[in-house]
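Residue-level structure breakdown
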Amino acid sequence: MNSKINRELSELVQEKVISQEVSQNISQYYAAKTLVAAKGPNKLFAIFGVLGSLLVGLGLILILAHNWDDFSRATKTIWAFIPMIIGQIAVGYCIFKKKSAAWKESAATFLFFAIGSSIALVSQIYNIAGSMPSFLLSWIILAAPLIYLLRSHAATVLHLIFITAYACNVGYFDNASPWLYIPLFAWVIPHYYVQLKNQPNHNLTGLFHWLLPVSVIISLGGFVVGNENTGFLMYVVFFGLLYNLGKLPFFTHKKMRVNGYLLLGSVGTIFVLMLASFSWIWDGYSPIAVDIQEALVTVVLALVAIGVLVYLFQKKRLMPFNLFQYAFLIFGAIYFFKFTGSEIPMILTNLLLLALGVFAIAIGARKNRFSILNYGLLIITVLVACRFFDSDISFVLRGLLFVAIGAGFFATNYWMFKKQQKQQDQQLKITSHE
């Protein structure tokens, strides 16, 4: 057991805070906990196993590449399939022998890249024409079963990375809609659900809270093929969905850094609204000229976001009022003010941003959170800075405004500090009286 804990227990016994019997019980508890942890899977072994698999695979590729031109076509074909066969044998060995997680993660990583190398080599040997999206799609589909055969987190992470790359290739470079991204993304949801259910506090679960929404954020733009400005509405709705997902009861007692949905939803909403606060975004922008596909995706996202809001209402999670949870609905209403021209939606978007900044400051003050308080101040600062680019204001006035904002930062943080200090003093007085 940790020597520091032993010292603390000895000190508590000497000060007669706890009895010797309680001290022994605590020692036995931590000793048993340490023993269980020692018998559990070695995380470092799993990490280095995955890295080792990557290095071995890269080394084999380099060796083959150096001598590739000297091989006959038959020899090249054999070598093309050898890494994949080795990977399949390793996966089968892990399954039938019920090896540890480290073994499974290493085998899954090796086979994942072996599949890709085999496809690429066979295509090169026999001059099979193809595009990057088709290559990635074949690779992803063939490697997808590894997620559930080995319950591999590494295969899941690689799957998310490669389907995002596939969506980008199709949506951004081929000017097509990556509809196959949707079932490929849905493929990892059962694995994610099991992870949420069985290991809600695991570090990998927290990683998935970030990877899944980031993958969708990057890929969502691939579905915008008509009026590009409609993408602003689509993204605001999606970020609103993310923010409300981050307010689900599951995240109530989780640390903020784990809640990727909440943070990405909040920052993403502010970022898109900042872009929409410029007048040039709305110039020549007609809500009528919307592609059916973009409208369909936006409506589906909006219905899901509203459904999450209704669920939160049923669970009594909408109180106290939080403007960030309704920002996507407000912007949806602002979007249709384009009928009246570009000035009204621009002004309303600026007012919405200002309200969100003030609301973040109020939340930070209520919860005594410096991070949220300064986040609200930062929103207002960036909003003011953005207005300098599309308004005719003298440099003296700009300087005075920034001085005022800086003074506001200092004064607000100082007030928060004094408030926390006062609460701590009151708590100490209550404790001393008890």
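Throughout, a residue's number is its position along its own chain's written sequence, starting from 1. Totals for whole chains, interfaces and linings use all residues, but because this is a predicted model, local features are given only for residues with pLDDT of at least 70 and pairs of side-chain atoms are given and counted only at 80 or more. Hydrogens are left out, water is left out, and the side-chain values use all remaining heavy atoms of the structure.

All right, on to the overall build of the protein chain then. Scanning the protein chain for helices and strands turns up 19 helices and zero strands. Total accessible area on the protein chain is roughly 24700 Å²; 69% of this is exposed by carbon and sulfur atoms. Numbering of helices and strands runs from the N terminus, with a helix taken as a DSSP run of H or I at least four residues long and a strand as a DSSP run of E at least two residues long. To be clear on the numbers: accessible area is Shrake-Rupley with a 1.4 Å probe, and residue cover counts the displayed protein chains and nothing else.

Each Phe, Tyr or Trp ring, with Trp reduced to its six-membered ring, pairs with another whose centre is within 6.5 Å; inter-plane angles below 30 degrees give stacked pairs, above 60 give edge-to-face pairs, and intermediate values give tilted ones. Throughout the structure, instances matching the rule amount to 21 aromatic pairs. Arranged with centres 5.1 Å apart and planes meeting at 90°, the rings of Y335 and F336 form a pair that is edge-to-face. Cluster of aromatic residues (ring-pair linked, three or more members): F112, F113, F135, W139 and F162. A ring is scored as having a charge over it whenever the NZ atom of a lysine or the CZ atom of an arginine sits within 6 Å of its centre and within 35 degrees of its normal. Between the NZ or CZ atom of K254 and the centre of the ring of F250, over which it lies, the distance is 4.3 Å.

Take a nonpolar patch on the surface next. A grouping of W179, I182, L296, V300 and V304 is seen on the molecular surface, where their side chains present a nonpolar patch of about 440 Å² in accessible area. No other element matches helix α15 (residues 292-314), which puts three residues into the nonpolar patch. Type-normalised accessible area, obtained with a 1.4 Å probe on protein chains alone, sets the label of each residue: buried when under 20%, exposed when over 50%, and partly exposed for intermediate values. What makes V300 partly exposed here is its relative accessible area of 43%. Patch definition: residues above 30% relative accessible area lacking any salt bridge, with like charges linked at up to 9 Å and the nonpolar side chains Val, Leu, Ile, Met, Phe, Trp and Tyr linked at up to 5 Å. The term salt bridge refers to a pairing of a side-chain nitrogen on Lys or Arg with a carboxyl oxygen on Asp or Glu at a separation within 4 Å.

With that settled, consider helix α10 (residues 189-198). When α10 is considered as a whole, its buried residues turn out to be H191, Y192 and Q195. Taken end-on, α10 shows its buried residues confined to a sector of 100°, consistent with a single buried face. Exposed side chains of α10 directed beyond 90 degrees from the buried face belong to Y193 and K197. In what follows, residue pairs with any heavy atoms lying within 4.5 Å of each other are defined as contacts. Looking at the buried positions of α10, the neighbouring elements they touch are α7 (146-149), α8 (153-173), α11 (203-220) and α13 (260-276). The directions considered for the arc run from the helix axis to the C-beta atoms.

Right, let's talk about the packing of helix α12 (residues 230-245) against α15 for a bit. Throughout, an axis means a line fitted to C-alpha atoms (over the contacting stretch in the case of helices), and angles, computed between N-to-C directions, take values from 0 to 180 degrees. Axis separation between α12 and α15 bottoms out at 9 Å; the angle between their running directions is 25°. Viewed along their axes, α12 and α15 adopt a mutual orientation that is roughly parallel. For the pair α12 and α15, the crossing hand works out as left-handed. Residues T230, L233, M234, V237, F238, L241, N244 and L245 of α12 lie in contact with α15, whose contacting residues are E294, V297, T298, L301, A302, V304, A305, V308, L309 and L312. Partitioned by chemical class, the residues of the contact of α12 with α15 number 14 nonpolar, three polar and one charged. Any angle between 65 and 115 degrees counts as roughly perpendicular, while under 35 counts as roughly parallel, over 145 as roughly antiparallel, and the rest as oblique. For any helix crossing, the convention is left-handed if the near helix is rotated counterclockwise from the far helix by under a right angle, and right-handed if that rotation is clockwise. We call Asp, Glu, Lys and Arg charged. Ala, Val, Leu, Ile, Met, Phe, Trp, Tyr, Cys and Pro are nonpolar, and the rest, Gly among them, are polar.

To define a nonpolar core, start from buried Ala, Val, Leu, Ile, Met, Phe, Trp, Tyr and Cys residues and group those joined through side-chain atoms within 4.5 Å. Among the nonpolar cores identified, the biggest contains 89 residues, and L146, L220, F238, L301, F324, F331 and L356 are the most heavily contacted of them. Ranked by residue count, the leading element in this core is α12, at 11 residues. Contacts of L356, omitting those with residues within four sequence positions, involve I270, L273, L323, F324 and A327.

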